Amino acid sequence: MADDKNKCKNPSCTCPAQPGGKYCSASCEGSGDTIELDCDCGHDECGGNF
Ligand SMILES: [Zn+2]
Ligand SMILES: [Zn+2]
């Protein structure tokens, strides 16, 4: 959990959140409370983007 404060709140996303925000992208923010297995943020480094 120690490394979680600056990570995107989308559980399937491994990207860092935007400064001052909880998500890395509008795509993740739009997912809201929905738990998705894959992330659609489009970042190449995202571990949840299949
Ligand atoms: Zn992502
Ligand atoms: Zn994200």
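Worth saying up front: this structure is predicted, and the values here are computed from it rather than measured. (Residues numbered from 1 in each chain as written. Chains lettered and ligands numbered in written order. Predicted model: local features only at pLDDT ≥ 70, side-chain atom pairs only at ≥ 80, totals over all residues.)

Engineer: Honestly, the overall build of the chain in this entry has me stumped. Any pointers?
Structural biologist: Scanning the chain from terminus to terminus reveals one helix and zero strands. Sequence separation of at least 24 residues holds for 30% of the intrachain contacts in the chain that already meet a minimum separation of 6. (Helix = DSSP H or I, 4+ residues; strand = E, 2+ residues; numbered from the N terminus. Contact = placed C-beta atoms within 7 Å.)

Engineer: What's the story with the environment of D44 in this structure? I'm lost.
Structural biologist: Mapped onto the elements of the fold, D44 is located in the segment after helix 1 (26-31). Along the backbone, D44 and C15 are 29 residues apart, and their C-alpha atoms lie at a distance of 9.5 Å.

Engineer: Would you take a moment to explain the nonpolar core for this structure?
Structural biologist: Note that soluble globular proteins tend to have their nonpolar side chains buried in a common cluster. In this structure, C8, C13, C15, A17, Y23, C24, C28, C39, C41 and C46 together form the largest nonpolar core, which totals 10 residues. Ignoring sequence-local partners within four residues, the contact set of C24 consists of C8, C13, C15, P16, A17, Q18, C41 and H43. (Core = buried A, V, L, I, M, F, W, Y, C linked by C-beta atoms within 7 Å. Buried ≥ 20, exposed ≤ 12 C-beta atoms within 10 Å, placed from the backbone.)

Engineer: Where do I start with the environment of K22 in this structure?
Structural biologist: With respect to the helices and strands, K22 occurs in the segment before helix 1. Between the C-alpha atom of K22 and that of C8, which follows or precedes it by 14 residues, the distance is 5.6 Å. Those residues in contact with K22 that lie beyond four places of it in its chain are K9 and A17.

Engineer: Is there a simple way to explain the environment of G47 in this structure?
Structural biologist: If you trace the backbone, G47 turns up in the segment after helix 1. C-beta crowding within 10 Å serves as the criterion here: with 11 such atoms nearby, G47 is assigned to the exposed category. Separated by 33 residues in sequence, G47 and T14 have C-alpha atoms that sit 5.4 Å apart.

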